[in-house]
Amino acid sequence: MSTVTVKVNVNGTPRTIEVESRTSLADLLRDRVRLTGTHLGCEQGVCGSCTVLMDGLPVRSCLTLAASCDGAEVVTVEGLDDADAHRLRQHFSTEGALQCGFCTSGMLVTGYELVRRRTEMDRDQVACALAGNICRCTGYNGIIRAVQKANDDGMAVDDLT
Amino acid sequence: MRQEPRLRRNGVGARRPRHEDERHLHGRGKFVADLDLPGVQEVAFLRSQVAHGRLLAVTKPEGIDESRIWTAEDLAPFALPLTATSTLPGFRAAPLPNLAEGKVRYVGEPVALAMAGSRAEAEDLAALIDVDIEALPAAVHIENLTDPDSPRVHDEWPDNIFATTQGTVGDVDVAAAEAAVSITREYKLNRQAVVPLETRAVAAHYDRNIDQLVVWSSTQTPHMLRDMLAELLNIEGRRLRVIAPDMGGGFGAKCSIYPEEVALAAIALQVTHPVRWIEDRWEAMVATTQARDHAYRITAHASADGRLLGVEADIRVNAGAYSVHPWTATMDASMSAAMIPGPYLLENYRFTTHSLASNKAPLGPYRGVARPGACFAIERTIDDLAHELGLEPWEMRVRNMVTPDLMPFTSIARKVYDSGNYPEAVRRATQLMDHDEWRRRQADRPVSGRRRLGIGYASFTEQTAHGCIEWASRGLAITIGKEGARLVLDSTGAFTLYVGIKSHGQGLETTLGQVISEVFDIDPASVTVIHGDTALTPRGDGTFASRSMVMAGGASFGAASQLAEKVLAIGADLLKVDASTLSFTDGKVVGETGGISLSQLAREFLFTPDHVPNVDGGLEATYFYQPEVQTGAFTYATHAAVVEVDLDTGEVDLLDYGVVEDCGTVVNPLIVDGQIIGGVAQGLGSALLEELVYDDDGQPKSTSFLDYLLPGPVEVPELKIEHMETPSPYTVFGMKGAGEGGAIAPPAAVANAVTDALREFGALINETPVTPERVWQALQVADRERNDA
């Protein structure tokens, strides 16, 4: 089995990791960096649980080859730690946006990127924007409210630092 | 043991964010796949790719370390197959092989397994195993399973029938003779996957140091799993510890005992390293227990003034290839028969059930179990009767429901409906939805238009938290019905609650903390709730049947009450007052003249017991709860759906959805609403989207999320929910279960709404999921029938 060496920045820490060529970004994060907050729900690129940010944009880490991340900056749920992330988490908790917690990492990462766009969004727009993430527990009502509220908060402060 | 909530501060009734959230919101949850097990070998199962066939040979590749591959022959000396038995007369058992032997009976049945340092390498290895199967014709579709020439799933059986049951109460023939209107309908609920987002997962390691086999499994029933593993591996229970860590949902898919659990546990005893299997999504779609696959023929009789006089039900369930433990293949059919009478005053009822074997994956529990089918059957029928009689369907419901003055009411199926106002839930649902306004808008639609509006209702009773006798009445060999809790107060004045129940995502760490708070008036977040570890927790059966809050909550309250009595006795000794003058306030024991904090009290008692000579040692209490009424506590609800239907495409848009429900005393509104919304979302999946399609050869055609459609954020509207809180007279705090109700009514409510939208054409929606194709077909059928007439 051939291997590749990947230089990747994960949650602010630069790393050089040798992996089998077929290794996915998800497996690199989970098995090699031991960041297990990124969950694998389908490994078919549909459920969105494994969503991480790659150079600022959400990607399915299950379908992203680790080799394609050479030179990239990757942020996982464990790496979300600014004011937007904090507000998002608060609203998730008070709005009933999580139950089992399995889809939550992907929802947070997707929601975070959305909130950081600083674009006004109504309920339908938030729902559409989250349509790539499946939750089997909550029925989405709380998730949509939480992301919408965090977005409204973000718009109000308009501070991207 | 009715106990009113006393404090209602942070305890029962408080809308509190969940204690579980913090770890999940930071990606710190620990699921089985996340466990760090040094030296672990990951397992890949090789599974049958044909639905029915003779297994002629399983050949290992040459030149490979043999211990890395296990066949049925290798495993047989270490593990017995699981045989789910039933006390129902004539029941045919079908032992569930750990790895297939002789025959394969569904696509996805495990045949062999391989292990390696990574899952990918294990799959590479499994691909080298040669499996020789002679394919046989398959028994697949529910319509054909009892045909005389149907292939037989189990060669030694004369047909494909696990069991047949029947029952008669009253006289349906007399009812038929008196009836002003009688209708017969056939309904079908197609097969579904359960789809917890975390797939099944098992790890096992034999700790030679303490002679203990530790099995981690994403299971709703850790104690039950330990008991069965001990039986099947033929080892003493003391050597077995089952741990269910964080779980990514279960919904019933994770409360049967599975071959993969047995195989990994058995192998771990034979090897020197941990083993782990994480189910992939394809496996989850073909080999995890599935649900529904019901067919009904209902004949119902009503009087001219809309009274339901009698119901005849023929119930057929395609239960798949094997019976799963402990539920058996008859679970759905027998429960459906008991639930068809629903919330109604029915005096004449006759039913027959057939639980059928096929070359599909075994059927197991899924949120609602048989109730979505039973609800669909009776509720679609009520609507069509109402239509025949010229009544509003909601009015027909109100006229026939059990009224509050009759409570507690013993139903025709001998279930005790404990409390509530069923007709009021219907009336409130019409108000919640603004029924008259929708009727007006419906009438305003131009006849020439191509989109129609419809409003539909569905009511049900939800049996929750039932006891041993109820399970025995269904023929279960294992009669579940008790739940244990142990509460410990430590020297720092903090509480740890150990419960046999398992929280699979529904927030029991929070709600059980609220129960403890109710007794001691402490912050619920200061209670650590330990669950899902058989070595730590008192016995409990697990989370299913909407039983966890009532039963584990009842057990926690029992333990807390006993411990409270002791703490007050200690307080009395220390404060030199009578215990009856003391009470709990804000984490203190308080009397008229003074008080003592729980931490001070605990230190005094535990560090210097000689200061409290009159109280026996130990600052803990254990309590086992069982229901006072064995048929459980009955939650009930009426759901309502408003739809818009496109006549040209058959597409259904869900415009609004409302729920009026009564689960008794609500412990945490945030969590209960979450259960309802989440349940409804799953029910909408059943109603509109989800279908496991099998072709005539028994090949599953919907094995990924690309072709098995789950409800997403866009498909679930913001729900309207209204609670009626009628405490059960029979449970602690008056709680009733709330876990499954949301999923029960949506198929019926949506089908009634679509049928309502299409009344002018006479198209009836009698099958789920209600896909555009089925709606369009129903319109074509109605059109043909009109032309023929």
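Residues numbered from 1 in each chain as written. Chains lettered and ligands numbered in written order. Predicted model: local features only at pLDDT ≥ 70, side-chain atom pairs only at ≥ 80, totals over all residues.

A.B. asks: Quick rundown of the overall build of chain B? Include the residues and the values.
C.D. replies: Within chain B one finds 20 helices and 29 strands. Since a compact globule built from 789 residues should have a radius of gyration of about 28 Å, the 27 Å found for chain B is in line with a globular shape. Taken over 789 residues, chain B has a buried fraction of 60%. Put simply, of all contacts in chain B between residues at least 6 apart along the chain, 80% involve residues at least 24 apart. (Helix = DSSP H or I, 4+ residues; strand = E, 2+ residues; numbered from the N terminus. Rg over C-alpha atoms; globule rule 2.2 N^0.38 Å. Buried ≥ 20, exposed ≤ 12 C-beta atoms within 10 Å, placed from the backbone. Contact = placed C-beta atoms within 7 Å.)

A.B. asks: Outline the overall build of chain A, listing residues and values.
C.D. replies: From N to C terminus, chain A includes five helices and five strands. Viewed in the frame of its principal axes, chain A has a C-alpha envelope of about 50 × 35 × 20 Å. Long-range pairs, those at least 24 residues apart, make up 63% of the contacts in chain A between residues at least 6 apart in sequence.

A.B. asks: Before we move on, could you go through the domain arrangement of chain A and cite the residues and values that matter?
C.D. replies: Residue and element names in this part refer to chain A. What the domain assignment lists for chain A is domain 1 (3-79) and domain 2 (83-157). The distance between the C-alpha centroids of domain 1 and domain 2 comes to 22 Å. For the side of domain 1 that touches domain 2, the elements supplying multiple residues, two or more each, are strand 3 (51-54) and strand 4 (57-60). Among the elements that make up the side of domain 1 that touches domain 2, the one with the highest residue count is strand 3 (three residues). (Domains from an automatic or database assignment.)

A.B. asks: Requested: an account of the interface of chain B and chain A, with residues and values cited.
C.D. replies: Each partner contributes residues to the interface: chain B has 43 residues there, and chain A has 41 residues. Listing elements by their share of the side of chain B that touches chain A, those giving two or more residues are helix 1 (21-25) and helix 17 (669-689) of chain B. It is helix 17 of chain B that provides the largest number of residues to the side of chain B that touches chain A, a total of seven residues. Each residue belonging to the side of chain B that touches chain A can be placed in one class, and the counts come to 18 nonpolar, 14 polar and 11 charged. (Nonpolar A, V, L, I, M, F, W, Y, C, P; charged D, E, K, R; others polar.)

A.B. asks: Before we move on, can you summarise the domain arrangement of chain B with the specific residues and values?
C.D. replies: Residues and elements named next belong to chain B. Partitioning chain B into domains gives domain 1 (21-29 + 482-625), domain 2 (32-136 + 199-247 + 254-287) and domain 3 (363-461 + 632-788). Computed over C-alpha atoms only, the centres of domain 1 and domain 3 are separated by 40 Å. Between domain 1 and domain 3, the contact holds 13 residues from the first and 14 residues from the second. Mapped by element, the contributors of at least two residues to the side of domain 1 that touches domain 3 are helix 14 (508-520) and helix 15 (548-575). With five residues, helix 15 is the single largest residue contributor to the side of domain 1 that touches domain 3. Among the residues making up the side of domain 1 that touches domain 3, the classes are represented as four nonpolar, eight polar and one charged.

A.B. asks: Any chance you could break down the environment of Thr381 of chain B for me, citing the residues and the numbers?
C.D. replies: Residue and element names in this part refer to chain B. With respect to the helices and strands, the residue Thr381 is situated in helix 9 (residues 371-389). Between the C-alpha atom of Thr381 and that of Gln192, which follows or precedes it by 189 residues, the distance is 23 Å. Once residues lying within four places of it in the same chain are set aside, the contact partners of Thr381 are Ile183, Arg185, Ile298 and Ala300.

A.B. asks: Outline the sheet that holds strand 22 (residues 583-585) of chain B, listing residues and values.
C.D. replies: All names here are of chain B. Taken together, the three strands give an open sheet; going across it, the order is 22-23-24, and neighbouring strands pair in antiparallel fashion. Bordering the open sheet on either side are strand 22 and strand 24 (595-597), each of which pairs with just one other strand. In this sheet, neighbouring strand axes are inclined to one another by 30° on average, regardless of whether the strands run parallel or antiparallel. Two elements, strand 23 (residues 588-590) and strand 24, share three bridges in a ladder whose sense is antiparallel. Across the sheet, Lys588 pairs through a bridge with Ser597, a residue of strand 24. Where helix 16 (residues 598-607) meets the sheet, it contacts strand 23 and strand 24, and its direction lies at approximately 80° from that of strand 24. (Pairing = 2+ DSSP bridges. Axes fitted to C-alpha atoms, helices over the stretch in contact; angles between N-to-C directions.)

A.B. asks: Tell me what's going on with helix 3 (residues 119-126) of chain B, and back it up with residues and numbers.
C.D. replies: Residue and element names in this part refer to chain B. Where helix 3 is concerned, the buried positions are Ala122, Leu125 and Ala126. Down the axis of helix 3, the buried set is contained in an arc of 100°. They therefore lie on one face. Along its buried surface, helix 3 packs onto strand 1 (41-47), strand 3 (69-71) and strand 5 (110-116). (Arc of directions from axis to C-beta.)

A.B. asks: Give a description of the environment of Ala180 of chain B that names residues and reports values.
C.D. replies: Residues and elements named next belong to chain B. Inspection of the secondary structure puts Ala180 in the loop between helix 4 (172-178) and strand 8 (181-192). Residue class for Ala180 comes out partly exposed when judged on the 14 C-beta atoms lying within 10 Å of it. Between the alpha carbons of Ala180 and Arg307 there is a distance of 9.8 Å; along the sequence they are 127 residues apart. Dropping the residues within four chain positions of it, Ala180 is found in contact with Ala302, Ser303 and Ala304.

A.B. asks: Can you explain the sheet that holds strand 5 (residues 73-75) of chain A? Please cite residues and give values.
C.D. replies: Across a sheet, strands are paired by hydrogen bonds formed along the backbone, either parallel or antiparallel in direction. All names here are of chain A. Taken in spatial order, the five strands of this open sheet run 2-1-5-3-4, and their pairing is mixed. A single partner strand is all that each edge strand has here, and the edge strands are strand 2 (13-20) and strand 4. Geometrically, the sheet is characterised by an average inter-axis angle of 40° between neighbouring strands, direction not taken into account. Judged from the eight bridges that link them, strand 1 (residues 3-10) and strand 2 form a sheet pairing that is antiparallel. Looking at the pairing, Lys7 lines up with Thr16 of strand 2. Along the sheet, helix 3 (residues 104-115) contacts strand 3 and strand 4; its crossing angle with strand 3, the most-contacted strand, is approximately 40°.

A.B. asks: Tell me about the packing of helix 15 of chain B against helix 16 of chain B, and please be specific about residues and values.
C.D. replies: Residues and elements named next belong to chain B. Where helix 15 contacts helix 16, the two axes come as close as 10 Å, and the packing angle between them is 85°. By the criterion of interaxial angle, the relationship of helix 15 to helix 16 is roughly perpendicular. Along its contact with helix 15, which presents Val567, Ile570, Gly571 and Leu574, the element helix 16 presents Leu601, Glu604 and Phe605. For the contact of helix 15 with helix 16, the class distribution of residues is five nonpolar, one polar and one charged. (Parallel < 35°, antiparallel > 145°, perpendicular 65-115°, else oblique.)

A.B. asks: With reference to specific residues and values, describe the packing of helix 2 (residues 83-94) of chain A against helix 3 of chain A.
C.D. replies: Residues and elements named next belong to chain A. Look at helix 2 against helix 3: their axes get within 10 Å of each other, and the N-to-C directions meet at 125°. With respect to each other, helix 2 and helix 3 are oriented oblique. In this structure, the crossing between helix 2 and helix 3 has a hand that is right-handed. Every residue of helix 3 that contacts helix 2 at Asp84, Ala85 and Leu88 is listed here: Leu108, Gly111, Tyr112 and Val115. Considering only residue class, the contact of helix 2 with helix 3 consists of five nonpolar, one polar and one charged. (Left-handed = near helix turned anticlockwise from the far one by under 90°.)

A.B. asks: Now, about unusual backbone geometry: what can you tell me, with residues and values included?
C.D. replies: All names here are of chain B. Cis peptide bonds are those with omega within 30 degrees of zero, and the linkage from Met407 to Pro408 qualifies with -10°. The topology assignment puts Pro408 in the loop between helix 10 (393-400) and strand 16 (409-410). A cis geometry characterises the amide bond from Thr768 onward to Pro769, with omega recorded as -5°. Summarising the element assignment, Pro769 is placed in the loop between strand 29 (767-768) and helix 20 (772-788).

A.B. asks: I'd like a rundown of the pairing of strand 10 (residues 212-217) of chain B, residues and numbers included.
C.D. replies: Residues and elements named next belong to chain B. With five of six residues buried, strand 10 is to be regarded as a mostly interior element. Alignment of strand 9 (residues 201-207) against strand 10, held across six bridges, turns out to be antiparallel. In the strand pairing of strand 10, Val202 is matched with Ser217. Sheet topology places strand 10 next to strand 11 (residues 240-243); four bridges connect them, and they run parallel. Its bridge partner being in strand 11, Val215 is matched across the sheet by Val242. As a crossover connection, the stretch from strand 10 through helix 5 (residues 222-233) into strand 11 is right-handed. (Right-handed = clockwise from strand over helix to strand, strands pointing away.)

A.B. asks: I'd like to hear about the confidence of the model for chain B, residue by residue, with values.
C.D. replies: Residues at a pLDDT of 70 or more form 99% of chain B, whose mean pLDDT is 96. The complex model carries a pTM of 0.97, and its ipTM stands at 0.98. (pLDDT = per-residue confidence, 0-100.)

A.B. asks: Hey, could you go over the environment of Arg397 of chain B for me, with residue numbers and the actual values?
C.D. replies: Residue and element names in this part refer to chain B. Here Arg397 shows up in helix 10. Its 29 C-beta neighbours within 10 Å are what place Arg397 among the buried residues. Look past the residues within four positions of Arg397 in its chain and what remains in contact with it is Ile382, Val426, Tyr457 and Ser459.

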